[in-house]
Every structure is written in structure tokens, then in C-alpha cells.
Amino acid sequence: QVQLVESGGGSVQAGGSMRLSCVASTSAFNRYYMAWFRQAPGKERESVTEISWNGDITYSASSVKGRFSMSRDNAENTVYLQMNNLKPEDTAVYYCAARGSTYGQWIYWGQGTQVTVSS
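Residues numbered from 1 in each chain as written. Predicted model: local features only at pLDDT ≥ 70, side-chain atom pairs only at ≥ 80, totals over all residues. Heavy atoms only, no water.

K.L.:
Just to check I follow, could you spell out the pattern of salt bridges for this structure?
P.N.:
Side-chain pairs of opposite charge can arise where the charged atoms are in close proximity. Counting across every chain of the model gives three salt bridges. A salt bridge links Asp 90 to Arg 38; the nearest nitrogen and oxygen atoms lie 2.9 Å apart. Pair noted here: Asp 90 is in the loop between β8 (78-83) and β9 (92-99) and Arg 38 is in strand β4 (residues 33-39), with a separation of 52 residues, a long-range link. Arg 38 shares its class with Asp 90; the two are buried. A salt bridge links Arg 67 to Asp 90; the nearest nitrogen and oxygen atoms lie 2.7 Å apart. With Arg 67 in the loop between β6 (57-60) and β7 (68-73) and Asp 90 in the loop between β8 and β9, this pair connects stretches of sequence that are 23 residues apart. Here Arg 67 falls in the buried class, since its relative accessible area comes to 9%. Here the residues in one salt-bridge network are Arg 38, Glu 46, Arg 67 and Asp 90, joined through shared partners. (Salt bridge = Lys/Arg side-chain N within 4 Å of Asp/Glu carboxyl O. Helix = DSSP H or I, 4+ residues; strand = E, 2+ residues; numbered from the N terminus. Buried < 20%, exposed > 50% of the residue type's maximum accessible area, 1.4 Å probe, protein only.)

Following this line, the structure appears as C-alpha cells:
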């Protein structure tokens, strides 16, 4: 069982920046693919960006390319989501997810952190 704990959410004005963190409770963190998802009110959850065990970005949603970047620190069991030039449509609950394989379902999820962008 892997526990994921997100932090760093909050409120920001449009054009601002924010960094989210997700810490995983596993000694095998470097074997997990990681991802950030988000769910806006009234919308389905969507994948924002995904990263392989060795730090390669394997997916990035077109809506965030050039503005968001994901990274990981395997020594700290942590992934980050740096969000720049935030827009009101980025308002959502952001979730961290993990899986132990290249493909397949995301098995472990964090509790989510709220990001609110005001215009």
C-alpha cells in the first residue's frame, strides 16, 4: 500500500504561479510511474501530466503545455507540479496518482489539494 499526500494548493490570481508537491510513503518510489490529475466542478477527472520512474515526461495535456511542468525527486519520494501563468480554467482539485507499471490503471491516489485561480 502506497500513501500519497499532496500539498501546496491554495488561491492565486490569474497569471500567477504555484507549486504542488506529493510525497509517497514507499521505499520503492523509484519504481513507480507518477501522475497529476485534476477535477474541476461538474467535470470529469482528467490527466494533467505523467512521469516515468526515471523522470521522463510520458504525457502532458495540451491545455497545460508550456505552462505546467512535472518533476520528481526519487531521493525525497516526491513529485512536483510547477504551474505557471495560471488561468481561471485551471481551478480544480489536483490529485497525485501512482502505478507500478508502464501501462495500466493508476492504483494509488492522494486525497487531493484545491487550486483556485481568480480572474
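From this point, things continue past the structure.
K.L.:
Which parts of the structure should I look at to understand the side chain of Thr 26?
P.N.:
Tracing the chain through its elements places Thr 26 in the loop between β3 (18-24) and β4. Not counting the four nearest positions on each side in its chain, Thr 26 is found in contact with Val 2, Tyr 32 and Asn 77. (Contact = heavy atoms within 4.5 Å.)

K.L.:
What's the story with unusual backbone geometry in this structure? I'm lost.
P.N.:
Working note: non-glycine residues mostly have negative phi, and peptide bonds are mostly trans. Phi angles above zero are rare outside glycine, and Asn 77 is one such case at about 55°. Mapped onto the fold, Asn 77 is located in the loop between β7 and β8. Its identity is not glycine, yet Asn 85 carries a phi of approximately 50°, on the positive side. Among the structural elements, Asn 85 can be located in the loop between β8 and β9. Take Asn 85: its relative accessible area is 42%, and that puts it in the partly exposed class.

K.L.:
Looking at this model, I keep getting lost on the pairing of β3. Mind explaining?
P.N.:
Regular strands have side chains that alternate between both faces of the sheet. Across the seven residues that make up β3, a large majority, five, are buried. Strand direction decides the pairing type here: strand β1 (residues 4-7) and β3, joined by four bridges, are antiparallel. Bridge assignment links Ser 7 to a residue of β3, and that residue is Ser 21. Two elements, β3 and β8, share six bridges in a ladder whose sense is antiparallel. Across the sheet, residue Cys 22 finds its bridge partner in β8, namely Val 79. (Pairing = 2+ DSSP bridges.)

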